[in-house]
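Examining the three-dimensional arrangement
The residues making up each chain are set out below.
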Amino acid sequence: MGDSEPRAGLEAHPSEIHEKPAAQMKVFKYRLWDVAQKSLYLRNNQLVAGYLQGPNSALEEKICWVPNRSFEREKFPIILGVQDGRRSLACGTGALPALQLEDVNITELSRGGEETTRFTFFRSYKDGMWRFESAANPGWLLCTSAQSNEPLGLTTSPDAAHIVDFYFQLC
Amino acid sequence: MISPLWFLCCIIPFVSSFNAEQSKLSSHFVLVGEPIAIRCQIARSPAFHSDYNLTWYRNGSDTPITTETCSRIHQRDNLLWFIPATLEDSGLYECNERNSDSPDKEYIHLNVFKNNDDLCFNGETIYKQKVFTSIGGKITCPDLEYFNDENNTAPEIQWYKECKPGLLQDNRFLSRKGDIYLTINNVTMHDKGNYTCQTTYTYMGIQHNVSRTIYADVEEGPKKTPPEFIYPKNHSIEVKLGSHVLMDCNISSSISTLNPYWQVNGTDVNIFDDTYKEQFYEKPSQGGGFIIGARFNISEVKSKDYSHKFFCHVLHPYGEAVAYVVLKHPAPNIQGYLIGGLVSLVFVLVVAVFVYKLLKIDIVLWYRNSCHPFLSKEVSDGKIYDAYVLYPKNRVSCLSSPDIFVLKILPEVLERQCGYNLFILGRDDLPGQAVVNVADEKINQSRRVIIVLVPESSCYSVLDDTSEQQLAVYNALIRDGIKVILIELDKIKDYTNMPESIKYIKQKHGAIRWKGDFTERSHSASTKFWKNVRYQMPPRQTLSPSELQLLPPAFNSPHTITLQR
């Protein structure tokens with residue numbers, strides 16, 4: 001629905017977003033970890049994938065998500081957040097898109113709209129694992145490095161060094 | 001052993017609070033005798049940057065850790081190396097950024113452990129990983145990137161389960177040479193457990209063991225079957241207009257993070273009605289898998305809610321599943337009304353029958369009094385008397401109670417008060433007439449025969465005058481079907497001496513017993529006794545005296561007569 005829906009454009013008034021009836025989303029916590037078993041944690045305001053040893057496993061960052069109803073549901077569009085949904089994962093749209101965490105609550109973004117595109121990821125599922133494609137950067141997938149303790153990133157070329165398959169499960 | 005553990009307890013909350021903003025303190029764990037390389041996280045340059053822009057210190061010491069690579073503890077590139085670590089190395093370390101406008105500092109805590117007794121690892125150093133049945137999985141020997149050998153080739157790894165070698169002899173387990181992964185095919189729940197991977201790191205000609213232990217958890221894997229609806233199931237529910245309904249789409253799914261949603265009339269429910277706030281939920285289910293759902297409240301069911309199906313959709317990797325529920329007006333409770341109606345009808349009938357039984361006589365008398373004269377224009381039955389009174393004649397001079405009753409009380413009540421016309425032998429017959437003739441004639445002209453009975457005594461025989469009695473009973477029972485009213489003037493215990501016909505009448509119609517006295521004071525016609533007598537008497541049908549006089553002495557053909565009140 002969302003993409004094909006006629007809209008006023010990017011300069012839509014913020015109040016218009018609030019007027020649109022939003023689906024109320026209760027935020028649950030999920031684990032997101034890559035096929036190489038790296039968990040996510042926060043370091044220097046970045047989501048980093050690494051192996052958390054012993055008591056360090058408590059540092060794993062739990063992921064919150066909401067569906068973004070502005071986009072086709074068949075693409076499983078979602079918005080990812082950390083710290084109980086207070087900060088959302090966004091993609092830059094430069095020549096080389098980069099990931100960053102922004103201080104926007106995912107429940108506000110769940111209202112949808114063009115403004116939420118860069119926070120949105122389309123998902124695809126295979127053999128129990130999900131891939132996350134940036135809605136703002138078609139072809140760019142969420143990835144971890146084969147090296148541990150490297151930040152989460154985006155890639156167009158999944159390979160041994162760029163892991164794009166994630167387990168995504170309720171805690 | 002005790003002191004590092006104690007320290008750990010104190011440091012964990014510290015670590016957590018720091019982590020929320022920036023990792024300024026991190027914990028590292030190593031087994032005694034094994035090498036470890038620690039990276040300072042504030043380092044902006046890659047780990048193997050050649051510039052020495054970082055300085056490492058042991059906490060409390062102003063002397064930087066040496067960069068002499070032959071030293072057991074040294075700084076190489078930007079990493080802090082312990083080759084190998086000893087128990088005494090446990091403690092805080094600090095890395096400082098040099099050549100920076102804003103000097104930054106990071107603390108590292110190193111925990112050196114001995115193996116647990118009889119084990120090849122220490123429980124504090126375990127990594128947790130998870131694999132799934134049916135989809136297979138791999139576990140990883142982590143944090144080996146600094147331990148490539150001098151030729152920079154990945155180290156060869158040995159795998160142990162619960163510290164026992166020979167894991168790879170089971171061909172479900174696969175580890176390619178130079179690969180840090182252990183692939184497990186056809187994962188079963190039995191594959192849960194502690195896996196230890198071990199490799200070697202040769203430094204300065206000395207070979208050191210490097211080991212990691214992973215606890216592999218096994219979970220039921222997602223199935224390739226679509227999610228199953230628990231509710232709704234393409235059915236209807238009966239709800240009253242204006243009532244509150246929770247619409248809860250409840251689905252069992254083996255895949256997490258699916259997102260069911262409600263639609264009605266082709267649009268989302270919140271567009272159909274903006275008071276319908278949909279909420280999504282997910283929880284683990286008991287037999288593995290998840291319960292996912294979407295629900296919203298209809299606080300007041302409106303008319304429009306009845307006219308559409310409410311569809312719950314869930315998109316899943318293999319397609320889409322849909323189920324609906326329809327709201328229906330509740331059917332009127334016919335059964336309830338029926339049962340209620342029947343019960344009240346039966347109740348009313350029982351009450352009516354009871355009241356009738358209780359007040360039958362009063363009702364009939366009241367009816368005769370108030371309605372009968374208006375309603376019926378009766379055809380004359382040709383009778384002159386309402387009753388022929390038959391009573392025992394006084395044989396000797398005894399107390400004359402039957403005479404008083406018959407000649408005084410009975411006429412007083414029935415004739416004077418109630419207006420009946422009685423024929424009493426000995427009062428109404430003319431002297432000289434033959435008793436048998438008079439009786440025959442007068443009984444024929446009477447509507448009832450009243451037989452007054454007294455207990456047999458010396459004074460009275462039951463009914464002495466046999467001819468009169470026989471006639472009366474013959475007329476009453478056989479010829480004209482005249483109704484007989486038995487009145488007992490006292491309790492008659494024994495009917496054995498009575499004639500058969502009297503016994504028969506007593507048995508069939510019963511008798512009315514007089515319980516009053518025999519004084520000549522006025523008697524009221526509304527006592528129970530008199531009501532009973534009046535009830536058995538015919539409805540009053542007294543002709544006006546003028547009409548009576550016009551009638552021939554004996555008439556057989558019926559005449560229309562005017563009723564008189």
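To keep things clear, this report deals only with the structure shown in the data block. (Residues numbered from 1 in each chain as written. Chains lettered and ligands numbered in written order. Predicted model: local features only at pLDDT ≥ 70, side-chain atom pairs only at ≥ 80, totals over all residues. Heavy atoms only, no water.)

1. A closer look at a nonpolar patch on the surface
There is a patch of nonpolar side chains on the surface, built from Phe-347, Val-348, Val-351, Phe-354, Val-355, Tyr-356, Leu-358, Leu-359 and Ile-363 of chain B and spanning about 840 Å² of accessible area. Its place among the elements puts Val-348 of chain B in helix 3 (residues 334-370). (Patch = residues over 30% accessible without salt bridge, like charges linked within 9 Å, V, L, I, M, F, W, Y side chains within 5 Å. Areas by Shrake-Rupley, 256 points an atom, 1.4 Å probe, with all protein chains shown as cover. Salt bridge = Lys/Arg side-chain N within 4 Å of Asp/Glu carboxyl O. Helix = DSSP H or I, 4+ residues; strand = E, 2+ residues; numbered from the N terminus.)

2. Describing the interface of chain A and chain B
On the side of chain B, 56 residues touch chain A, which itself brings 47 residues to the contact. Buried area between chain A and chain B, summed over both chains or domains, comes out near 4,600 Å², and the portion from carbon and sulfur atoms is 51%. Taken together, the connections running from chain A to chain B amount to five salt bridges. Across the pair Arg-69 of chain A and Glu-278 of chain B runs a salt bridge whose closest N-O atoms are separated by 2.9 Å. Summed over the shared surface of chain A and chain B, the number is 17 residue pairs in polar contact (both at pLDDT 80 or more). Every element with two or more residues in the side of chain A that touches chain B is listed here: strand 1 (24-25), strand 2 (29-34), strand 3 (39-43), strand 5 (63-67), strand 9 (120-126) and strand 15 (166-170) of chain A. By residue number, the principal contributor to the side of chain A that touches chain B is strand 15 of chain A, which donates four residues. Across the side of chain A that touches chain B, the residue classes break down as 25 nonpolar, 13 polar and nine charged. (Contact = heavy atoms within 4.5 Å. Buried area = accessible area lost by both parts, 1.4 Å probe. Polar contact = N/O pair within 3.5 Å; in protein donor to acceptor, adjacent residues only side chain to side chain. Nonpolar A, V, L, I, M, F, W, Y, C, P; charged D, E, K, R; others polar.)

3. Here's the deal with the nonpolar core
Residues Leu-80, Phe-132, Leu-142 and Phe-168 of chain A together with Trp-262 and Phe-310 of chain B are the most contacted members of the largest nonpolar core, which totals 61 residues. At six residues, strand 21 (residues 290-298) of chain B tops the list of elements feeding residues into this core. The residues touching Leu-80 of chain A, leaving out its near neighbours within four places in the chain, are Ile-63, Cys-64, Trp-65, Arg-87, Ser-88, Leu-89, Ile-106, Phe-119, Phe-121, Phe-132, Leu-142 and Phe-168 of chain A. By size, the runner-up hydrophobic cluster in this structure holds 35 residues, among which are Tyr-167 of chain A together with Val-187, Tyr-195 and Tyr-203 of chain B. (Core = buried A, V, L, I, M, F, W, Y, C linked by side-chain atoms within 4.5 Å. Buried < 20%, exposed > 50% of the residue type's maximum accessible area, 1.4 Å probe, protein only.)

4. Observations concerning the sheet that holds strand 13 (residues 193-203) of chain B
All names here are of chain B. Overall, mixed pairing links the four strands, which are arranged 8-14-13-10 in an open sheet. Among the strands making up the open sheet, the edge pair consists of strand 8 (127-132) and strand 10 (158-161). With direction set aside, neighbouring strand axes in the sheet form an average angle of 30°. Where strand 10 and strand 13 come together, four bridges link them in antiparallel fashion. Considered in strand 13, the bridge of Lys-161 is made with Tyr-195. (Pairing = 2+ DSSP bridges. Axes fitted to C-alpha atoms, helices over the stretch in contact; angles between N-to-C directions.)

5. Points about the environment of Met-204 of chain B
Structurally, Met-204 of chain B is set in the loop between strand 13 and strand 14 (206-219). Spatially, the C-alpha atoms of Met-204 of chain B and Ile-83 of chain B are 9.9 Å apart, while their sequence positions differ by 121 residues.

6. Observations regarding the sheet that holds strand 2 (residues 36-39) of chain B
Residues and elements named next belong to chain B. With respect to topology, three strands assemble into an open sheet ordered 2-5-4, the strand pairing being antiparallel. Of all strands in the sheet, those bounded by a partner on one side alone are strand 2 and strand 4 (73-76). When the angles between neighbouring strand axes are averaged without regard to direction, this sheet yields 25°. The pairing of strand 4 with strand 5 (residues 79-82) spans four bridges and is antiparallel. Bridged to His-74 within strand 5 is Trp-81.

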